Amino acid sequence: EANIGDSVLVGTFTVKQSNLTKPVMVEISGTGKAYFHASKSSLTQATETVDVYFAPKTTGHFEALVNFMDDPEATLYNTARSLLGTAIDPTKTPAVTVTPTTLSAFSCKAKETQSQSVSVTSENCIDDVKVSIEQTKGSGFTIDQSLIVKNTPHTTVITFCPMTEGDYAATVTFTTEKGN
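For the structure given in this document, a descriptive report is provided here. For clarity, every value in this text was computed on a predicted model and none was experimentally measured. (Residues numbered from 1 in each chain as written. Predicted model: local features only at pLDDT ≥ 70, side-chain atom pairs only at ≥ 80, totals over all residues. Heavy atoms only, no water.)

**Thoughts on the pattern of salt bridges**
Side chains carrying opposite charge are able to pair once their charged atoms draw close together. Under the convention used in this document: One speaks of a salt bridge when a side-chain nitrogen belonging to Lys or Arg is within 4 Å of a carboxyl oxygen belonging to Asp or Glu. The rule is simple: take the accessible area with a 1.4 Å probe, protein chains only, and divide by the maximum for that residue type; under 20% is buried, over 50% is exposed, in between is partly exposed.
Under the criterion given, the structure shown has two salt bridges. The salt bridge partner of Glu48 is Lys40, with a shortest N-O separation of 3.3 Å. When its relative accessible area of 11% is taken as the criterion, Glu48 is described as buried. Under the relative-accessibility criterion, Lys40 is labelled partly exposed at 30%.

**Some points on the sheet that holds strand E3 (residues 24-29)**
What counts here: In this description, strands pair whenever DSSP reports at least two bridges between them. Runs of E in the DSSP output that reach at least two residues are strands. Runs of H or I that reach at least four are helices, and both are numbered from the N terminus.
The sheet built from five strands is open, its strands ordered E1-E8-E7-E3-E5 with mixed pairing. If you trace the sheet from one side to the other, it starts and ends with strand E1 (2-3) and strand E5 (42-43), each paired once. Across two bridges, E3 lies against E5 in antiparallel orientation. Among the inter-strand pairings, Val24 is bridged to a residue of E5, identified as Leu43.

**Some remarks on the layout of surface pockets**
Our working definition: The rule is simple: put a 1 Å grid over the protein atoms alone, call a set of points where a 1.4 Å probe fits but cannot get out a cavity, call an open set with protein on both sides within 12 Å along at least five of seven lines a pocket, and count a residue as lining if it has an atom within 4 Å of a point. Grid points are joined across faces, edges and corners, and a volume is the space filled by probe spheres set on the points.
In this structure, the largest pocket spans a volume of roughly 420 Å³. Forming the walls of the largest pocket are 20 residues, and the residues nearest its centre are Leu103, Phe106, Ala170, Thr171 and Val172. If you list the elements that add at least two residues to the lining of the largest pocket, you get strand E14 (154-160) and strand E15 (169-175). Broken down by element, the residue count for the lining of the largest pocket peaks at five residues, all from E15. Taken as a whole, the second largest pocket encloses approximately 230 Å³ of empty space. Along its surface, the second largest pocket is lined by 14 residues, and Val15, Lys16, Val24, Tyr77 and Thr79 are the ones closest to its centre. At the level of elements, strand E2 (8-16), strand E7 (60-69) and strand E8 (79-88) are the ones that each hand at least two residues to the lining of the second largest pocket.

**Remarks on the packing of aromatic side chains**
Short version of the rule: A pair of aromatic rings is counted whenever rings of Phe, Tyr or Trp (Trp by its six-membered ring) have centres within 6.5 Å, and the orientation is called stacked for planes under 30 degrees apart, edge-to-face for over 60 and tilted otherwise. Placement of a charge over a ring requires the Lys NZ or Arg CZ to be within 6 Å of the ring centre, with the centre-to-atom vector within 35 degrees of the ring normal.
If you walk through the whole model with that rule in mind, you get eight aromatic pairs. A ring pair is formed by Phe54 and Phe62, whose centres lie 6.2 Å apart and whose planes are at 45°; its orientation type is tilted. Of the two residues, Phe54 and Phe62, neither departs from the other in class, the shared state being buried. Cluster of aromatic residues (ring-pair linked, three or more members): Tyr35, Phe36, Phe54 and Phe62. The residue whose ring lies beneath Lys57 is Tyr35, and the NZ or CZ to ring-centre distance is 5.2 Å.

**Digging into the sheet that holds E15**
With respect to topology, three strands assemble into an open sheet ordered E13-E11-E15, the strand pairing being antiparallel. Only two strands of the sheet have a single partner each, and these edge strands are strand E13 (147-148) and E15. Sheet analysis places strand E11 (residues 129-137) next to E15, joined by seven bridges and oriented antiparallel. In the strand pairing of E15, Ser132 is matched with Thr173.

**Concerning the side chain of Gln116**
Operational definition: Any N or O atom pair separated by 3.5 Å or less is treated as a polar contact, with the protein-specific requirement of one donor-capable and one acceptor-capable atom, and with residues adjacent in sequence counted only for side-chain atom pairs. In this analysis, two residues are considered to be in contact whenever any of their non-hydrogen atoms come within 4.5 Å of each other.
Positionally, Gln116 belongs in strand E10 (residues 114-123). Within the local environment of Gln116, its side chain forms a polar contact with the backbone oxygen of Ser104, the two atoms lying 2.9 Å apart. Aside from chain neighbours lying at most four places away, what touches Gln116 is Leu103, Ser104, Ala105, Phe106, Thr156, Val157 and Ile158.

**Quick word on unusual backbone geometry**
Residues Thr99 and Pro100 are joined by a peptide bond in cis, for which omega reads -5°. Counting through the fold element by element, Pro100 comes out in the loop between strand E9 (95-99) and E10. Here Asn124, not a glycine, exhibits a phi torsion of approximately 60°, which is positive. Residue placement: Asn124 occurs in the loop between E10 and E11.

**With respect to the nonpolar core**
Which entries qualify depends on this criterion: What we call a nonpolar core is a set of buried Ala, Val, Leu, Ile, Met, Phe, Trp, Tyr and Cys residues that are connected through their side-chain atoms within 4.5 Å.
Counting 18 residues, the largest nonpolar core has Ile28, Phe36, Val52, Phe54, Val66, Phe68 and Leu83 as its most contacted members. The set of elements that each furnish at least two residues to this core consists of E2, E3, strand E6 (47-54), E7 and E8. By residue number, the principal contributor to this core is E7, which donates four residues. Discounting chain neighbours no more than four positions away, the residues touching Val66 are Phe13, Val26, Glu27, Ile28, Val52, Thr79, Ala80, Arg81 and Leu83. Counting residues in each nonpolar core, the second largest holds 12 residues, with Ile158, Phe160, Tyr168 and Phe174 among its members.

What follows is the structure, given as structure tokens:
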């Protein structure tokens, strides 16, 4: 994880080589390659280390590969390692707003349903909003979605459908990771 504009070490790789006629090339590839860089582009010593950094320019999750290649055409001795980075903007706190925050009491007969809706908005989120339900008394509530697309308005429907008469309670939680 790194703030936009920072450069953070994500790994140090030790490369050992022998009997090669060319240097081992170090290359970053993949969809997130613009956000990672290596301290060296070629290795000629028997043992060398390479530092790989994550330097994000925008918020989000980024993936790439660091490739160590003695011959880009022949893959027998080439190897790659996965790189993952999450970039955040520390000036923008993620927020999820739910309206209303409390619903009216649900009331219906067994095997019937009653639904209520809440409006959900999110901003500055790098991940989608997760929706979960905890049945705190009985098991009679459902939610229509467990994931809401980040930074978009949404209506979530909570449905009460008891199978038997009784008292029921549940808590619905909306969460997102820190980030933009």
